[in-house]
Each structure stands twice: as C-alpha cells, then as structure tokens.
Amino acid sequence: MGKVSTAKQTGQGGVYYEDKVVAYFLACMLSETLPFGQPFGLILAVGLQVRPDGWLFDDVLLTLQNSSQSRHIAVSIKSNRQFNSNGCPKDINQLLWEQYLHYNTDVFGKDLDKLCLIEAPISPAISTDLNTLLQQATYLDSSTLHRRISIANAYSKSARKLYKSFYCPSQLANIYKIKAEDTGNILQCFLHLEMDVERIASRDEARCIELCKNALRDKSQAQAEKLYDALCLLPRKVAPKGGSLDRKKLLQILSTDFSLNHRLAHELDWKKITDNTIDRLSFIPDKLGNQVTFDRSTLLTQLEQKLLGNKGLIIQGISGSGKTNLAKMFAEKKLKETSVIWLDSSDFDFETIETSLRLTNSITELIEEVSGIESYLFVDGIERLFHAHQLTKLATILKKALIESSSWKVIFTCPSDQLSKVEDFVTRFNLFSTNFESLDIPELTVEELIPIAISFPELHPILFANSSGRIFNNLKLLDKLIRNIKSISFISSTNNLGESHLIDFVWSEEIESKSEGLQLSYFLKRLAELQADDLSVGVSIHAFPVTELKPADNLKLLGFLRLQHEKLYFNHDLFGDWARYKLIKSHNGNLPDFLQGKDFTSPLWARAVRLYGIHLLEQEQSGTLWQKTFNLFSNNSPQHLLVQDLLLESFFFAPNSYSLLVLHKTILYENECTLLKRITNLFLLRATKPDANVISMAKEIGMTEKHASAYYRIPITEYWFGMLKFLSEESVTALEYNLVNVVKISSIWLDKTPTNFSLRKEASDLSLQAAEKIFSLQENRTFIDEKILEPVYKAFLLGYRENPDGVAALCLRISRRVTNKTKLENEVDHSKSKPASSWPPRPKKRLPWPLGPMDRVDDTFRTLCLEGPSLFPIFKHNPRLGTEILLAALIEEPRERWHGESRITEHYELIEEYRWYPPFYLRGPYLNFLKISPVEGINFICKLVDFATERW
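In every chain, residue numbers begin from 1 and rise along the written sequence. Where local features are concerned, this predicted model is filtered to residues with pLDDT of at least 70; where side-chain atom pairs are given and counted, the filter is 80 or more; whole-chain, interface and lining totals use all residues. By convention in this description, side-chain values take in all heavy atoms of the structure and omit both hydrogens and water.

Student: I'd like to hear about the overall build of the protein, residue by residue, with values.
Tutor: Check the secondary structure of the protein and you find 44 helices and 18 strands. The globule rule puts the C-alpha radius of gyration for 952 residues at 30 Å, and the 40 Å found for the protein is more than 25% above it. Counting only C-alpha atoms, the protein reaches 140 × 95 × 50 Å along its principal axes. Burial classes follow relative accessibility: with a 1.4 Å probe on protein chains only, a residue under 20% of its type's maximum area counts as buried, one over 50% as exposed, and anything between as partly exposed. Residues classed as buried in the protein amount to 53% of the 952 residues present. Expressed as a percentage of contacts within the protein between residues at least 6 apart in sequence, the contacts between residues at least 24 apart total 73%. Helix and strand definitions follow DSSP, with helices as H or I runs of at least four residues and strands as E runs of at least two, each counted in order from the N terminus. Radius of gyration: over C-alpha atoms. The globule rule applied is 2.2 Å multiplied by the number of residues raised to the 0.38 power. Contacts are residue-level and defined by heavy atoms, with any inter-residue pair within 4.5 Å sufficient.

Student: Any details on unusual backbone geometry? Residues and values, ideally.
Tutor: Of note, Cys673 is a non-glycine position whose phi angle comes to about 60 degrees, a positive value. You can see Cys673 is positioned in helix α32 (residues 665–686). Assessed through its relative accessible area of 0%, Cys673 is described here as buried. Despite not being glycine, Arg816 shows a phi value in the positive range, around 60 degrees. Within the element layout of this structure, Arg816 appears in the loop between α39 (804–814) and β17 (844–845).

Student: Which residues make up helix α42 (residues 879–890), and what are the values?
Tutor: Helix span, as expected, comes to 1.5 Å for every residue beyond the first. With 12 residues, α42 should cover 16 Å at 1.5 Å per step; its first-to-last C-alpha distance of 16 Å lies within 8% of that length. Burial within α42 is extensive, with 9 of its 12 residues counted as buried. Within α42, the full set of buried residues consists of Leu881, Gly882, Thr883, Ile885, Leu886, Leu887, Ala888, Ala889 and Leu890. Summarising the contacts, the buried residues of α42 are in contact with α39, α40 (859–866), α41 (872–877), α43 (926–932) and α44 (934–951).

Student: Give me the sheet that holds strand β12 (residues 538–540): which residues, what numbers.
Tutor: Strands are treated as partners if at least two bridges between them are detected by DSSP. In space, the 3 strands of this open sheet follow the order β12-β14-β13, with antiparallel pairing throughout. The open sheet terminates on both sides in strands that have one partner only, identified here as β12 and β13 (561–564). Strand-to-strand, the axes of this sheet are offset by a mean angle of 30 degrees, without reference to chain direction. Taken together, the 3 bridges between β12 and strand β14 (residues 567–570) define a ladder with antiparallel strand orientation. For helices, the fitted line uses only the C-alpha atoms of the stretch in contact; every axis is such a line through C-alpha atoms, and the angle between N-to-C directions lies from 0 to 180 degrees.

Student: Residues and numbers for the nonpolar core, please.
Tutor: Judged by nonpolar contacts, the single largest core of 155 residues is most densely connected at Ile452, Leu459, Trp626, Tyr793, Phe796 and Phe861. Looking at which element gives the most residues to this core, the answer is helix α28 (residues 603–619), with 10 residues. If near-sequence neighbours (up to four positions away) are discounted, Phe796 is found in contact with Ser767, Leu768, Ala771, Val807, Leu810, Cys811, Ile814 and Phe861. Buried Ala, Val, Leu, Ile, Met, Phe, Trp, Tyr and Cys residues that are joined via side-chain atoms within 4.5 Å together make up what is termed a nonpolar core. Of all hydrophobic cores here, the second largest spans 47 residues; its members include Leu216, Ala224, Tyr228 and Leu250.

Student: Quick one: what's the story with the confidence of the model for the protein, residue by residue and with numbers?
Tutor: Confidence in the prediction of the protein, expressed as mean pLDDT, is 87, and 91% of residues score 70 or more. Contacts for the low-pLDDT stretch residues 1–13, under 50 throughout, to residues beyond four places or in other chains number 7 contacts. The predictor attaches a confidence to each residue, called pLDDT, with possible values from 0 through 100. Below pLDDT 50 for its whole length, residues 822–834 participates in 14 contacts with residues either more than four positions away or in separate chains.

Student: Go over the pairing of strand β4 (residues 114–119), please, and point to the residues and values.
Tutor: Counting buried positions along β4 yields 6 of 6 residues, so the element is predominantly enclosed. Pairing analysis gives 6 bridges linking strand β3 (residues 70–78) to β4, with the strands arranged parallel. Note on β4: the bridge partner recorded for Ile73 is Lys114. In terms of strand pairing, β4 meets strand β5 (residues 190–194) through 5 bridges, oriented parallel. Residue pairing for β5: Glu119 is matched across the bridge by Glu194.

Student: Residue-level account of the sheet that holds strand β6 (residues 244–246), with values.
Tutor: Taken together, the 6 strands give an open sheet; going across it, the order is β5-β4-β3-β2-β1-β6, and neighbouring strands pair in mixed fashion. Because the sheet does not close on itself, it has two edges, and the strands there are β5 and β6. When the angles between neighbouring strand axes are averaged without regard to direction, this sheet yields 25 degrees. Sheet topology places strand β1 (residues 42–48) next to strand β2 (residues 60–65); 6 bridges connect them, and they run antiparallel. Each bridged residue has a counterpart across the sheet, and for Ile43 the counterpart in β2 is Leu64.

Student: Please give an account of the pattern of salt bridges that cites residues and values.
Tutor: Salt bridge, as used here, is a side-chain nitrogen of Lys or Arg placed within 4 Å of a carboxyl oxygen of Asp or Glu. Across all of its chains, the model carries 45 salt bridges by this definition. In this structure, Asp196 and Arg199 form a salt bridge, with 3.9 Å as the shortest nitrogen-oxygen distance. Accessibility expressed as a relative area gives 45% for Arg199, which makes it partly exposed. The residue Asp349 makes a salt bridge to Lys567 at a minimum N-O spacing of 3.7 Å. Highlighted residues: Asp349 in the loop between β8 (340–344) and α15 (353–357) and Lys567 in strand β14, separated in sequence by 218 residues. Each member of the pair, Asp349 as well as Lys567, is classed as buried. By sharing partners, the salt bridges in this structure join Arg280, Asp344, Asp347 and Arg562 into a single network.

Student: So what about a nonpolar patch on the surface? Which residues, and what values?
Tutor: Patches were defined on residues exceeding 30% relative accessible area and lacking a salt bridge, with like-charge contacts within 9 Å and nonpolar side-chain contacts (Val, Leu, Ile, Met, Phe, Trp, Tyr) within 5 Å. The accessible surface values rely on the Shrake-Rupley method and a 1.4 Å probe; as for residues, cover is taken only from the protein chains in view. Judged by side-chain polarity, Val446, Ile450, Ile454 and Phe464 come together as a nonpolar surface patch covering roughly 360 Å² of accessible area. Among the secondary structure elements, Ile450 is positioned in helix α19 (residues 446–455).

Student: So what about the packing of helix α21 (residues 475–483) against helix α23 (residues 499–512)? Which residues, and what values?
Tutor: Contact pair α21 / α23: the axes reach a minimum separation of 10 Å and the direction vectors enclose 50 degrees. By the criterion of interaxial angle, the relationship of α21 to α23 is oblique. As for how α21 packs across α23, the hand of that crossing is left-handed. On the side of α21, the interface is formed by Leu477, Lys480, Leu481 and Arg483, while α23 contributes Glu499, Leu502, Ile503, Phe505, Val506 and Glu510. Within the contact of α21 with α23, the residues separate by chemical class into 6 nonpolar, no polar and 4 charged. Roughly parallel means an angle under 35 degrees; roughly antiparallel means over 145; roughly perpendicular covers 65 to 115; every other angle is labelled oblique. What makes a crossing left-handed is the near helix being turned counterclockwise from the far one by less than a right angle; a clockwise turn instead makes it right-handed. Only Asp, Glu, Lys and Arg are considered charged, only Ala, Val, Leu, Ile, Met, Phe, Trp, Tyr, Cys and Pro nonpolar, and every remaining residue, Gly among them, polar.

Student: Could you give an account of helix α35 (residues 721–729), with specific residues and numbers?
Tutor: Listing the buried residues of α35 in full gives Gly722, Met723, Leu724, Phe726 and Leu727. Packed against the buried residues of α35 are α30 (638–653), α31 (657–663), α32, α36 (731–752) and α37 (760–779).

Student: Give me the lowdown on the packing of aromatic side chains, citing residues and values where you can.
Tutor: By convention, a stacked pair of Phe, Tyr or Trp rings (six-membered ring in the case of Trp) has centres within 6.5 Å and planes under 30 degrees apart, an edge-to-face pair has planes over 60 apart, and any other such pair is tilted. A full pass over the atoms with the stated rule returns 36 aromatic pairs. Between Phe83 and Phe166 the ring centres are 6.0 Å apart and the planes differ by 35 degrees, which places this aromatic pair in the tilted class. Of the two residues, Phe83 sits in the loop between β3 and α3 (90–100) while Phe166 sits in the loop between α6 (157–164) and α7 (170–176), which places them 83 residues apart along the sequence. What makes Phe166 buried here is its relative accessible area of 0%. Between the aromatic rings of Phe653 and Tyr719, the centroid separation amounts to 4.7 Å while the plane-to-plane angle is 70 degrees, which identifies the pairing as edge-to-face. Of the two residues, Phe653 is situated in helix α30 and Tyr719 in the loop between β16 (713–715) and α35; the sequence distance between them amounts to 66 residues. Under the relative-accessibility criterion, Phe653 is labelled buried at 11%. Judged by its relative accessible area of 5%, Tyr719 falls in the buried class. Either the NZ atom of lysine or the CZ atom of arginine qualifies as a charge over a ring when it sits within 6 Å of the ring centre and within 35 degrees of the ring normal. When the ring centre of Phe350 is taken as origin, the NZ or CZ atom of Lys567, which lies over that ring, is 5.7 Å away. Between Lys725 and the ring centre of Tyr658, over which it is positioned, the NZ or CZ distance is 4.3 Å.

Student: Lay out the side chain of Thr338 with the relevant residues and their values.
Tutor: Inspection of the secondary structure puts Thr338 in the loop between α14 (323–335) and β8. Two N or O atoms count as a polar contact when they lie within 3.5 Å, although within protein this holds only if one can serve as hydrogen donor and the other as acceptor, and sequence-adjacent residues are included solely when both atoms are side-chain atoms. In terms of polar contacts, Thr338 uses its side chain to reach the backbone carbonyl oxygen of Glu374, at 2.7 Å. Among the polar contacts made by the side chain of Thr338, one reaches the side chain of Ser375 at a distance of 3.3 Å. The contact partners of Thr338, leaving out residues within four places of it in the chain, are Arg217, Ile373, Glu374, Ser375 and Tyr376.

Below, the structure is given as structure tokens:
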C-alpha cells in the first residue's frame, strides 16, 4: 500500500499557514510595527513567490527600511516543524549556503540582507539552543564562535550538534574553499521565527488582529477581525503573479472597505493640517454684522448630494455671495468625521505648499496615504492663482486626489465670472471636467431678506429699493452695512442708490473716519496697487518702508488685512477691489496717465475699473461723466480698448444693471446703437460660462475642449436679469440695430434655463419679434444670409412654450401652410384652362397638396425642422403642429410642370433626402418625434407614407 497523504497535505494546510504569516507581515506594514526589532526597521514592501528573482528562500521577500539604510529579508515559511534534535534540515542548510555564496544567484547582500525561516513552534530546548547560538553569532566573529563551540563544557552537546548542522555542504565547501570556522558567517545571516497561527488559541493570530486594530480608525474587534480576514485572502491573489505589495498598493486595495489610520510618521503633519484648517475657518465670519445668520441647510444638502456621484464640486456665485462661508460650514461638519485639508491662494504664494503649512512630508504623499473614508480637499479662491507655477502645484495635488481609487473629494470656490479660468485650468492639465459638478449660490429671497429688514429697519430702503438691484446678494457688503448701521440713514436717502455709494460709505465709516484715517486709506490703496501690479494675492511686508507699516496693525484689527508668513493679505478679495477702485477714483484728473502700463488682462485691475465705471454711471443721470471718461481712451491702442470694454462691462456687472441701462440708454443709442452693440458683444462673452456637459462630451464627438468652451456657453444668470429686461422693453430699437446679438441672448436664455424660469417670456417675445421681422423681409424678397436666418429661426422655435399662439402662427407662415395671398400665381384653374393643343405650350403649376406647403419653404427653416432639436418644444406641447410643419418641410411645394414630363425623377413629390444617406433610423426628426410624442409621431409617419404611396 502506498504512502497515505495527511489531511493537512490534502487540505492545503501549509498554504493556509503561509497566508496567515503573510497577513502578519502586512499587518506590521499597515500598523508600522517592527517585526524584527529596531535595527531592521519598518516593512516597505512584501513580495511573494520570488524564486524567479533569484531568492532561494522564496515564499516572501520583505523590504525594510530603518533610519539609515534598507535591506531585504527572504523568508521561507514551513507549516511543519523543521528543526529537531538533528539540528538544521539539510535542504534548508543547502539553500542557506547557496544563497550566501551566490551559487547561481547573486541577489543576496551579505552585509545587510538576511534569510529567515518561519515554522510552527518547535521543542523548547531546541528553540533555546538555536536562539542562544544565533545571538552569539551576532556578537562574535566567526572564528571566535567556532573556537568557543569547540571548548568542552562551554556549550551543551545538543548546541554543538546544532552548530555542526550548519556546516557548509561538502560540494559547496570544496568549490568555495569554506572551512568549519566559517559557519558563524551563515549564522549571522540567518533569522528564525516560530509562529503558532494554526492553534485554536493562537497568540500570534491574536497579536496580528491587535495590529489590525491599531491600523484602523474604527477600533472595534469586529472591524479588526474583518481586516485580518481580508489580509489572509490577499496572498492567494498576489502570489500566483509573483507580485509585490507596498503600503500604497495595499491601501488602494483596502480603501473601499476600511478606514485606516495615518502613518505614525505623518501624524504630526496631519495635526498641523487640521490645526491650520481650524485656524483658517475661524477667521471666516458666519454672521452678518456678528448678529444675523442664514439657514444654509438646503444648500448644504444639495452640496452633499452633488458630491455623491462626483469627485469634485465648484461652488460659484458673485463675489461676496457667501461661497467661502458655505464651504466653511461643510468643512466644519466634515472635520468631525474625517480628514480635511483647507487651502487658499495664499498657500500657493510660497515655493511649496509644504513650506506654507510647515509640513515635514509631501502633501501629495499625505493625500495618497489616506484611504477608506471619504476625505475633503478645499481650495478657496482658485481664480486667484495667477501664475503657471501656482497652477502646476495645484494640478500635482489634484492628480493624486482625483485618481479613481482615491477617496478624496475636491471642492473649489470661484466667482461665476471667473469660471472660464477654471475650465482652462482643467483642460490644460487634463484633469477631466467630468469629475466636477457645480453649485450655484442663489439670490436671496424676499423671505430671507424680511428678517434682516425687521432686525435693521434702517436697511429697508436699501434692501427693497428698485434702483439698488441685487446689491443685497453681496453678503460681504451687507455685513459691512450692518456693522455701520448707526450711520446708514445718511446713505439710504441717496437717489438712485447703487453699489458705489455703499462702498464709498463703508470706506468713509470704517477707514477714513478713524484716527489717522488718511494713512489707513493710503496704505490699503498702496497695498492693493502692489498686489495688482505683481499679480499676487500677498505682498511682502518688506515692500514697505518700516515707517509706512504702522497702519497695517490697525487694519488687521479692523478686519481688512491678515499677516501670514511675513506677507500681507486682504481678508476678502472685495477689500482689494474696493481699494483699487478708490485709488483709480483719486486719479480721475489724470486717469489715462495713471493707468498707463497697467495690465488690464489681470482680473484685479479689471474689477477695479468696472467698479469705477459703475461709480461714474451712478453719480449723475446724464451719463456725461462716464462718457467723458470713456472718450479719454479713444486712441484704439490695445490698452485703451481694454479700458473702454471694462467701462462698458460696468453696465451689466453692476447689481443695478437694469436701472443703469435705462438711465443711460440715450448714450447707448447714439450712432446707430454703436455702444449697445459693443455691450452685447461683451455680454455674450463675459456673462456666460462654458457648458460643462458639452465639454465632457467634446472628446467623444471629436471636438477639442477649448472649442467647446468657446462656442457652447451657458448664462451666468445673476448678470442676465437686468440686460434681458432692458432689451425686452427696448425691443424695437434693439432689434432694429442689434438684431443678431439680441437673438443670441434670447436663444441662450431659452435654451439653457429651466422651464418656468424668470424672463423666459420676455426672451421668447424678443426672438418672436426678430423672426417676424426677418420673415417679413424675406416675403418682400430681401436676401437674408443663412448665418442670420439660422439663429433667428432657432431662437423663436425654442420659445414655443412661452408664446404658443405667436410661434405657431409664424411657423405656419414660414412653412407656407398659410399665405396672405388669396390665390397662388400661375396655379392651375381647370375651369378656365386653355386646351392642351394651344400653342406655344406653357408649363402648368399644380395646386398645393393638402398636406404640403403653398409655396417654397425656406431652406434654412426646413433644415432646422428636419435636423436637430429646434422642434422639440413643439413636439412636446403641440405635436399636431409638429406634424403639420414636418409634412410641409418634406412635401414639395407647387411647381411648374411641362406636358409629358417624366415622373421618374419626382421622388414622389417629396424633397430629396440629401442629408440622410445612407438611410438610418437616427437620421431626421423621426426617432425624436416618436420618443417625445409617440402617438402623434406614428400618425406623422403614417401620413408621410400614405402620401408617398399615393404618388407611387
């Protein structure tokens, strides 16, 4: 009978034992435990099945690092006892010497590397002898150890026998000239561990679970045992591939199921990051005038929901609308649960982020190390990163945080009018804009304003004045007004109250009225100028003479400035804008000279010039002062044109834009609305942002993200209400001189805003009036370029829901289903027709088909109906009208026919399908009609098929 295998052999008990040993080393790596003591250091990587790499102890290869050097420990794992009374097994000893002597392999480093055997617990006596022998070998040179072993009574008989079992095998000894006294060299390279992981009450297994507990944030026994079980399963996945696991890979594998502690070497850095975050958040005010708060719970819920399926979020809104405050509230909530990093533009002012935060380790390393639980990276004011090196630093961090396996979420704050900069940044560094959602800070509602008006009745004229527009959405300005509520009555009585009046009031109350107010004002303006000229958010204190720095301390106490790493920063970007506006205002007598050489592509100077333009428009009703200043920059140089553009942008960037447009419309209408045309051109560029949905699909449809950003844009809604309302009221003049831009504006609003949104009816009215105007010109045989026809007809079709009767009537006219003529020229009247034999023969023009057009349908309108989404609103709200328009677009108009003309080329009286070759169900309007209105879609197709069949 053959030898019977043990249950352990058939049940792969050895493999099970090996998995638990590997799990122990992985737990040591996670918990940063020293498995072999301080001299050997921490485990950096665990390799499995490394025989192909030249390691003869090939089950596990550990890479360790102490404070000064790294080493390898090759491990052979045996579930059965190996050492017995005969000493070291011959096969183990053979491998030891072959590895040591570089026999057919040279990977082993004799000075640092070690060879380790791990086995089940052996006889205590043998274990004692072996440990004694290995300790002696550590401290004695080989010849001394051999001499002492040879002395009678110095060592026990069993110890001497154990020592001799490590003698070099004769074959290798002959080749490499190894003597018996060299045995100590092999002992110095040998490590021995006993592990009882197969016992029911295993101490080593319990220790491993305890290590797992130390590695976890959740210290529960159940979670520790779950992690231990997961580590035991990993070797079977990695070993067949001869793979290796370092801490980073291990974290990636475990991150979805476990929240692991920071590394001990990182703990101090994480404390610094957390302390820095708490400190930064404490300086962000969350009460208006230290008294009034808003309920932002709905916005916080929206923020969290938008992050569920996305890696990042952009909180956007006008400057001062509370973006940073909302981010602060969310950060404070998450700080109690997980890791949070808060960065702002000042952190990128330094050579490295690590310098700013005083970190020992790289911030990317810290981000990579976090696993399991969702963590949050906040970047407040990304638009204030002006230089390429700053953006590169941020991109390096984001690429680590945004990888698929990362548990990080990224949150930006950015003003709405600067979103294009974010898109450029995302495109430039290939960060994929699909990772990001956006959250708009909405305008304050009347319900939210009423409690403020009740608490501070002095603010009532400002909050609800028609002339003040949306000033109340600037919470930073509102905060300053509340802080100076005792003096507000002076300003609230001002006619045509506007943003510049309130800024001047705050500046007067908080700066100029203080002792040494002129010095404070001068210092702020000088700091703001240096900031803008250097294109930096922070200005070194060494940029000022010591004698000029005195106001800085007072301004810090007043809340306008903060000092960080010997640089001065404005506590809010609005304070810098106000200071530059006041600086420009102080040079109104020599403005072109003062602005000479300033960089107006910089948003810092641009916002200041816009504020100055708003000031000029709000000061007097005639607009003479604004116009005079505008004309100072008229030499057509690039700089003068930029200044003029910024002054024109003041009209729609002003919170009270509608009031200013109405007040100064006479200026805008001069010279056939020259300035109105320029304003609307700028409006379409500056008051819109790239459409993130189109950008995300750009590559899929063969379009560059840059092209998509330029041509597919959506409105920044807070800037549109005044302009749309003004254009609607002044539609006659606006369409007469500026039809193309007005149509583009109304089309974007109708296409990109949700149903029932404000001013959609006004936009629909504008587009309908434009289409009626254009069609009337066409009826009078005026040539209209397709580049004008397409946007005009597209815009009025988009407005069907808001103007069903008007749009339907004009659609029937343009599709030639109705006509102003009572009778078509040259139509066939059979009662009065001449005999067929009359000479010379004349072509006959047939009567219109019952379902077809009465005359030729404009090609541009036909294309819009048959291709694209222009008819979708009609399909949804009046599908029968959609059927009538489509049939008119597809059936040929009445045309002259010669006697005897062949019908082979007639295409059954249908237009040629020149855009639908080869035929496919996605081509044309059919599929979309069926999706939107299935019943009427089928009815339309049946009528079309019936018509063609009758002609056949």
